[in-house]
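Spelled out from the first residue to the last, the chains are:
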Amino acid sequence: MTRSARSIPARRLRPPMGWNSWDCYGTTVTEEEVLANATFMRDHMLAHGWDTVVVDIQWYDPTARAHGYNADAPLVLDDHGRQMPAPNRFPSAANGAGFGPLADRVHQLGLRFGLHIMRGIPRRAVDARLPVAGTDWTADEIADTGSVCPWNSDNYGLNHDHPGAQAYYDAQVAQFARWGVDFIKADDMLFPYHEREISAYARAIARSGRPIELSLSPGTDVSLAHLDHLRETATMWRVCDDLWDRWEDVEAQFARMARWAPWQSERGWADADMLPLGRIGIRAERGDDRVSALSRPEQISLLTLWLISRSPLMMGGDLPTSPPETIELLTNDEALDVLWHSGDNREVLRETDLVLWTARDTDGDARYAAVFSLADRPERVTVPLGSIGARPDDRVRELWTGTDTPHDGHALHADLPAHGAALYRLTPSGPSEPSGPSGAIA
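Asks: Residues and numbers for the overall build of the chain, please.
Replies: Of the regular secondary structure elements, the chain holds 12 helices and 21 strands. Principal-axis analysis of the C-alpha atoms places the extent of the chain at approximately 75 × 40 × 40 Å. Counting across all 442 residues of the chain, residues that qualify as buried make up 61%. Taking as baseline every contact in the chain between residues at least 6 positions apart, the subset at least 24 positions apart corresponds to 73%. Counting every atom, the chain has about 16,300 Å² of accessible surface; 50% of that belongs to carbon and sulfur. For the chain, the centre of its 43 positive side-chain charges and the centre of its 64 negative side-chain charges are spaced 3 Å apart.

As C-alpha cells, then:
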C-alpha cells in the first residue's frame, strides 16, 4: 500500500518512533549534532512517522566523554538541584534558558523534543543541601542515600515516605514542561523495579500540565507481573539491557518479545530497545566509530521482529552520516504498516532455527507473517500456508523487497540468508494492490 492509502495512526494508537543520541554519541552529544539529526529527520523521515528527537544521558555534564561516565562529574545544577544543560555543549542553554531554545528549534521542524533523566536527585545537590523548589525542605532531607544506581554515580534515590520527594519530581518535571519537553526517558527505574519512583514520576508528569510521554529503562528481566502498573504510569518500557550491534543481542529479543507482544496496545508498549543501525559509536559508551556490525540480513531480521512485535522504534545511529540503504529500511512504508495496522501479533512457531510470527491487519481481512531463520548459514525454508494463517489462493507479498512471492497453494518456500528474515502481507485474491510504494526496497 502507498502512504496515501494507509494513513499513519494518531500518536496514542501507535508506538513512538524517533532518534536517540546514545548509540552514536553516548554522553557527549552537542546542540549542533542534535539539530543536524532533527533536520535530517524532518527532511527524510517525518513523512514516514519518525517524529521524536531525544537527548540521552549526561546533557548536564560539561566534561562528558566517550566510553563511560566521570566519577563525581561537575554536573550543572540550578539553585534547587535540578539538572541544567551544559552551556559548553548546548550554547542556547546559557543564562538559565535550559532546553527551551533547543526544544523550540526542534518544534519548528515539526518534531517532538525529548530528554533522558536519571532516577532520583543529584548527589551534589544533597551534599550542598540545596533547597527543594517551592518547599522548606532541603535535598539531604529527601534523599535515600542507600538507593544508588549500580552503573552511574550521579544520583541518590528519593525517600518517598517524605513529601519532599514528590515535590522534587514535581519541580523537575514542571521545569521540563516549561522548556517544551514532549518525551522523558527515565533511567534506572526498572531493575530492580522501583514502583514508588515510577508512580511519583508519572504523578509529576500529570501535574505538569503538559502531555509528556514517559519511557522507562533499563528493563533487565522486567516481569509481566508489573503490566498493570506500567500501563498506568508509562508510554513505553524497556524489556532488556542495552542492545548493541551483535547478533546474540538481537537473537535474545525473540523470547522477550514473544512474551510481551500479545499485550502491546495503545495502553503501553514493551520496548525492545534502540536500533543500533547506521553509523554508531562516534563517541559512544560501547565501541569506536563504525557502521553497524550487523549484516544486512541481520538488520532486516531486527527490524522485522521490532515491527511484528510492535516495539517502539528509536534509531540509535547518526542520521546524516548513516548509509542511504539504512534510511531506506527505516522508511519502507509497506513494512512500517505492520507496526501501525496490525493486531493479535504473536510467535506461532519456534522449531530449531525456524521462527514464525503472525498478525492480522486491523484495517481489513489481510494478514501479516514473519519468517525468521536463526541459522548461521543460508537455509531454504518451507512454511505450510496454514501455519501462518494463509489460504491457498492468497496473494503473498514480501514487504522488504516489494515483490509478490509465488506459492503452490500449500506451502511457501523462502531462501533466507544466515540470520535472515522475510516479512509478508497475505491478501485474499481479488483486485490487485498497487506495487512499488515509496520506501520499498528494490
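Asks: Can you explain the pattern of salt bridges? Please cite residues and give values.
Replies: Under the defined criterion, the tally for this structure stands at 30 salt bridges. Between Arg-112 and Glu-213 there is a salt bridge whose closest N-O contact spans 2.6 Å. Of this pair, Arg-112 sits in strand β3 (residues 112-118) while Glu-213 sits in strand β8 (residues 213-216), and the two are 101 residues apart along the sequence. Arg-112 sits in the buried class, given a relative accessible area of 15%. Here Glu-213 falls in the buried class, since its relative accessible area comes to 13%. A salt bridge links Asp-140 to Arg-129, with the shortest nitrogen-to-oxygen separation between them at 3.4 Å. Of this pair, Asp-140 sits in helix α5 (residues 139-142) while Arg-129 sits in the loop between α4 (123-127) and α5, and the two are 11 residues apart along the sequence. Note on Asp-140: relative accessible area 31%, which makes it partly exposed.

Asks: Any details on the sheet that holds strand β5 (residues 143-148)? Residues and values, ideally.
Replies: The sheet built from three strands is open, its strands ordered β4-β6-β5 with antiparallel pairing. This sheet does not close on itself; its edge strands, each paired only once, are β4 (121-122) and β5.

Asks: Kindly report on the side chain of Ser-199, identifying the contributing residues and their values.
Replies: Looking at the secondary structure, you find Ser-199 in helix α7 (residues 195-208). Aside from chain neighbours lying at most four places away, what touches Ser-199 is His-229 and Thr-233.

Asks: Describe the side chain of His-48, with residues and values.
Replies: With respect to the helices and strands, His-48 occurs in the loop between α2 (31-44) and β2 (52-55). Judged by its relative accessible area of 11%, His-48 falls in the buried class. A distance of 3.2 Å separates a polar side-chain atom of His-48 from the backbone oxygen of Thr-331. There is a polar contact of 2.6 Å between the side chain of His-48 and the side chain of Asp-333.

Asks: Outline the sheet that holds β3, supporting the account with residue identities and numerical values.
Replies: One open sheet holds the eight strands; their spatial order is β10-β9-β8-β7-β3-β2-β1-β13, and the pairing between them is parallel. Looking along the sheet, the strands with just one partner apiece sit at the ends: β10 (269-271) and β13 (313-315). Shown here is a sheet whose adjacent strand axes are inclined to one another by a mean of 25 degrees, direction ignored. Inspection of the sheet shows β8 paired to strand β9 (residues 236-238) by two bridges, in the parallel sense. Residue pairing for β9: Ser-215 is matched across the bridge by Met-236. Where helix α6 (residues 163-179) meets the sheet, its contacts fall on β3 and β7 (183-187), and the angle it forms with β3 comes to roughly 155 degrees.

What counts, and where the lines are drawn
Residues numbered from 1 in each chain as written. Predicted model: local features only at pLDDT ≥ 70, side-chain atom pairs only at ≥ 80, totals over all residues. Heavy atoms only, no water. Helix = DSSP H or I, 4+ residues; strand = E, 2+ residues; numbered from the N terminus. Buried < 20%, exposed > 50% of the residue type's maximum accessible area, 1.4 Å probe, protein only. Contact = heavy atoms within 4.5 Å. Areas by Shrake-Rupley, 256 points an atom, 1.4 Å probe, with all protein chains shown as cover. Lys, Arg positive; Asp, Glu negative; His and termini not counted. Charge placed at Lys NZ, Arg CZ, Asp CG, Glu CD. Salt bridge = Lys/Arg side-chain N within 4 Å of Asp/Glu carboxyl O. Pairing = 2+ DSSP bridges. Polar contact = N/O pair within 3.5 Å; in protein donor to acceptor, adjacent residues only side chain to side chain. Axes fitted to C-alpha atoms, helices over the stretch in contact; angles between N-to-C directions.

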